[in-house]
Amino acid sequence: MSDNLSFILQDIEKVAFEQRPIPQISDDDVLIEVKKTGPYYTSLAIVHFLVDGRIGDFIVKSPMVLGHESAGIISKIGQNVKHLKVGDRVAIEPAATCRKCEVCKAGRYELCANIVAAAAPPHDGTLGRYYRVPADFAYPLPEGVSFEDGAMMEPLSVAVHSVSNLGGFKANQSIVIFGCGPVGLLCMAVAKALGAARIIAVDIVPARLEFAKQYAATDTFSPPKPKDGESRPNYSRRNAAIMKEQLGIADQGKGGIDLVLDASVQTALFVTKAGGTFVQVGMGPPNININIGMVVAKEITIKGSFRYGPGDYPLAIDLVSRGKVDLKPLVTHRFVFNDAIVAFQATRKGKSEDGKGVIKAMISGPDFPADAA
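Residues numbered from 1 in each chain as written. Predicted model: local features only at pLDDT ≥ 70, side-chain atom pairs only at ≥ 80, totals over all residues. Heavy atoms only, no water.

## Things to note about the overall build of the protein chain
Inference 1: For the protein chain, the count of helices and strands is 10 helices and 20 strands.
Inference 2: Its C-alpha radius of gyration of 21 Å places the protein chain within 12% of the 21 Å reference for a compact globule of 373 residues.
Inference 3: When its C-alpha atoms are laid out on the principal axes, the protein chain stretches across 60 × 45 × 40 Å.
Inference 4: Residue burial in the protein chain is summarised as follows: out of 373 residues, 54% are buried.
Inference 5: Within the protein chain, contacts between residues at least 6 apart in sequence are counted, and of these 68% link residues at least 24 apart.
Inference 6: Here the protein chain displays about 16400 Å² of accessible surface, and carbon together with sulfur accounts for 51% of that area.
Inference 7: For the protein chain, the distance from the average position of its 41 positive side-chain charges to the average position of its 39 negative side-chain charges is 4 Å. (Helix = DSSP H or I, 4+ residues; strand = E, 2+ residues; numbered from the N terminus. Rg over C-alpha atoms; globule rule 2.2 N^0.38 Å. Buried < 20%, exposed > 50% of the residue type's maximum accessible area, 1.4 Å probe, protein only. Contact = heavy atoms within 4.5 Å. Areas by Shrake-Rupley, 256 points an atom, 1.4 Å probe, with all protein chains shown as cover. Lys, Arg positive; Asp, Glu negative; His and termini not counted. Charge placed at Lys NZ, Arg CZ, Asp CG, Glu CD.)

## A short note on the confidence of the model for the protein chain
Inference 1: Per-residue confidence for the protein chain averages 91 on the pLDDT scale, and 94% of its residues sit at or above 70.
Inference 2: Under a pLDDT of 50 for its full length, residues 41–47 has, in the predicted model, 25 contacts with residues more than four places off or in other chains. (pLDDT = per-residue confidence, 0-100.)

## What about the side chain of Ser-146?
Inference 1: Considering the arrangement of structural elements, one finds Ser-146 in the loop between β12 (138–140) and α3 (147–166).
Inference 2: Within the local environment of Ser-146, its side chain forms a polar contact with the backbone nitrogen of Glu-148, the two atoms lying 3.4 Å apart.
Inference 3: Within the local environment of Ser-146, its side chain forms a polar contact with the backbone nitrogen of Asp-149, the two atoms lying 3.0 Å apart.
Inference 4: Setting aside anything within four residues of it in sequence, one finds Ser-146 in contact with Arg-89, Leu-141 and Ala-373. (Polar contact = N/O pair within 3.5 Å; in protein donor to acceptor, adjacent residues only side chain to side chain.)

Put into structure tokens, the structure is as follows:
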């Protein structure tokens, strides 16, 4: 194909389809014809660009191609690329790093200050016909792993990074995950694949808790509503106490919670056992009050999780290819490329026009059928 039809965010709440130049590749790059892209979860990322024009410190100042969870087929390779060939099916790790700075050399390239991340302003994303990426950021998809699975490797790698890499989660440990959106569900799936003894899903939406229990969770919890005039710290303490009583959670030992993810931080710290770990996955509220005395007394480790790093994509692909993680139940909606705005709107609202709840939507590349996996 000689065109590069792309889905562009022109301004807040203003999108359009435009032709963009086909990216030119260097000797170490590959050009990928994108086949599937997943719009990211409403509360965390790209939909914020559509509605607010920003997420955190990333501000859209000029028109930008959206999309960063994608998979496709190698269309062209640079002359130094030996491990891939034209026609290979690949998942795209959409964040190329400088490879020269201190953090890159230390093996934590997700922290690179010079990272070129898809759909992170000012860099264009993957929702076009073609996307260029360094060859070592294109991962071959094993037989039986679909393009949709390949697109889901991006959020699955976020889960792998949070649970396995930063959380250090091991077999027979217990985990609590606040939020049963796509990333939360994938964190549950990773914990299950790693041999979790207990996976507790927390959400305020009953249907999400029901799905989480069917998918990977061993237990669920629905937090109570705050009382009139109740402060956030007091609510968090009460919420944690109810949760621990209902689910038999201990402060120490085997009945305790080793790892807590993506939470109302105050509640999380009350629930985390002595010596346990809390990981904040993605962007949360910018300013939070915590009981630092409790953190000290319990020697809780607090970490932030941003994107994914070395080894996360290969582990994600391996878990799916070996049947340890099943991504197919999460894809609830599929859209042709020309309906990309409808996909983003459904993701934003959490349901499609027919009222069906959205867990994960998929947008096909230009001229690629929506029902083709």
